[in-house]
Amino acid sequence: SQTIHQWPATLVQPVGSPLSLECTVEGTSNPNLYWYRQAAGRGLQLLFYSVGIGQISSEVPQNLSASRPQDRQFILSSKKLLLSDSGFYLCAWSDRDQPQHFGDGTRLSIL
Amino acid sequence: SQQGEEDPQALSIQEGENATMNCSYKTSINNLQWYRQNSGRGLVHLILIRSNEREKHSGRLRVTLDTSKKSSSLLITASRAADTASYFCATDALGRRALTFGSGTRLQVQP
């Protein structure tokens, strides 16, 4: 069966520090991959999605970037975090036209 | 307003009562999906209804879709305390590769 792993679960970082969040999927090939951010008590904001290795679509201009170095690996990065980057980050995968499956999320706090 | 807006924003009911949540959207869609999120966790897919379907059932869940009004509803019958969560609708719009999520309805079921 398919599983999705996202880590770390929580992260506290100072302003201006770099960021790397990793997401991996097992049990499927060539999945669509997604990064979302969720502010407290709000809906999900799509940040990036990828339909294949090296193919990244950005939804919102920001200081974040995403990479897909392997078929089932999706990485969210930043060179310099801002206070406004605080939030709950969710990774998800799907097969074409199928529902999305989410990881347990990373709660990022910027100090 | 953004695609996929739910109402009400919050709903509190007693165990055993029915809970109805609504979702409105703006563009033409392939399908509409409902997800559930427990506090601090990832989203879990509940049900998908395609644009050519009008109603769908899954256990205690009943979803309707009215494409002429661009709206959907999620009904949870005989609610339980364990149904307490946030519920999100998400639209799979034509010509778009990613879902658009609404801001959610926070459901509280009192035991």
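Residues numbered from 1 in each chain as written. Chains lettered and ligands numbered in written order. Predicted model: local features only at pLDDT ≥ 70, side-chain atom pairs only at ≥ 80, totals over all residues. Heavy atoms only, no water.

A. Representation of the overall build of chain B within the structure. Scanning chain B for helices and strands turns up zero helices and 11 strands. Walking chain B from its N terminus toward its C terminus, one meets helices and strands in the order β-β-β-β-β-β-β-β-β-β-β. Seen through its principal axes, chain B has C-alpha atoms that stretch 45 × 30 × 20 Å. Of the roughly 5,200 Å² of accessible surface on chain B, 44% is carried by carbon and sulfur atoms. Within chain B, one finds 14 positive and 10 negative side-chain charges whose respective centroids are separated by 6 Å. (Helix = DSSP H or I, 4+ residues; strand = E, 2+ residues; numbered from the N terminus. Areas by Shrake-Rupley, 256 points an atom, 1.4 Å probe, with all protein chains shown as cover. Lys, Arg positive; Asp, Glu negative; His and termini not counted. Charge placed at Lys NZ, Arg CZ, Asp CG, Glu CD.)

B. Inspection of the environment of Cys89 of chain B at higher detail. All names here are of chain B. Within the secondary structure layout, Cys89 lies in strand 9 (residues 85-93). On the basis of relative accessible area, Cys89 is assigned to the buried category, the value being 0%. Considering only alpha carbons, one finds Cys89 and Thr100, 11 residues apart in sequence, at a separation of 8.4 Å. (Buried < 20%, exposed > 50% of the residue type's maximum accessible area, 1.4 Å probe, protein only.)

C. Local environment of the sheet that holds strand 7 (residues 61-66) of chain B. Residues and elements named next belong to chain B. Spatial strand order, 1-3-8-7-6: five strands in an open sheet with antiparallel pairing. The strands lining the two open edges of the sheet, one partner per strand, are strand 1 (5-7) and strand 6 (55-58). On average, adjacent strands in this sheet sit at an angle of 20° to one another, irrespective of strand direction. Two elements, strand 1 and strand 3 (residues 19-24), share three bridges in a ladder whose sense is antiparallel. Residue pairing across strands places Asp7 opposite Asn22, the latter belonging to strand 3. (Pairing = 2+ DSSP bridges. Axes fitted to C-alpha atoms, helices over the stretch in contact; angles between N-to-C directions.)

D. Fine view of the state of the cysteines. Scanning all chains against the criterion turns up two disulfides over all chains. Across the disulfide, Cys23 of chain A is cross-linked to Cys91 of chain A (sulfur-sulfur distance 2.0 Å). One quick way to see it: the torsion about the S-S bond of Cys23 of chain A and Cys91 of chain A is about -80°, and its sign makes the bridge left-handed. Taken as a pair, Cys23 of chain A in strand 3 (residues 19-26) and Cys91 of chain A in strand 9 (residues 87-94) lie far apart in primary sequence, 68 residues in all. Comparing Cys23 of chain A with Cys91 of chain A shows no difference in burial state: the two are buried. Bridging Cys23 of chain B to Cys89 of chain B, the disulfide has an S-S length of 2.0 Å. Judged by the sign of its S-S torsion, about 65°, the cystine formed by Cys23 of chain B and Cys89 of chain B is right-handed. Of this pair, Cys23 of chain B sits in strand 3 while Cys89 of chain B sits in strand 9, and the two are 66 residues apart along the sequence. (Disulfide = S-S within 2.5 Å.)

E. The arrangement of the nonpolar core in detail. Grouped together as the largest cluster of nonpolar side chains are 20 residues, with contacts concentrated most on Met21, Leu32, Trp34, Leu74, Ile76, Tyr87 and Leu107 of chain B. Looking at this core, the elements that each hand over two or more residues are strand 3, strand 4 (29-37), strand 5 (43-50), strand 7, strand 8 (71-76), strand 9 and strand 11 (105-110) of chain B. Beyond its immediate sequence surroundings of up to four residues, Leu74 of chain B is in contact with Ala19, Thr20, Met21, Trp34, Leu46, Leu61, Arg62, Val63 and Tyr87 of chain B. By size, the runner-up hydrophobic cluster in this structure holds 19 residues, among which are Leu19, Leu21, Val25 and Phe48 of chain A. (Core = buried A, V, L, I, M, F, W, Y, C linked by side-chain atoms within 4.5 Å. Contact = heavy atoms within 4.5 Å.)

F. Fine view of the packing of aromatic side chains. Under the definition given, this model contains eight aromatic pairs over all chains. A centroid spacing of 6.0 Å and a plane angle of 80° characterise the contact between Phe102 of chain A and Phe101 of chain B, whose relative ring orientation is edge-to-face. Taken as a pair, Phe102 of chain A in strand 10 (residues 101-102) and Phe101 of chain B in strand 10 (residues 100-101) lie in two separate chains rather than in one. For Phe102 of chain A, a relative accessible area of 9% puts it in the buried group. Judged by relative accessible area, Phe101 of chain B falls into the buried class, the value being 2%. When the ring of Tyr35 of chain B is compared with that of Phe101 of chain B, the centres are 5.3 Å apart and the planes differ by 55°; the resulting orientation is tilted. (Phe/Tyr/Trp six-rings, centres within 6.5 Å; stacked < 30°, edge-to-face > 60°.)

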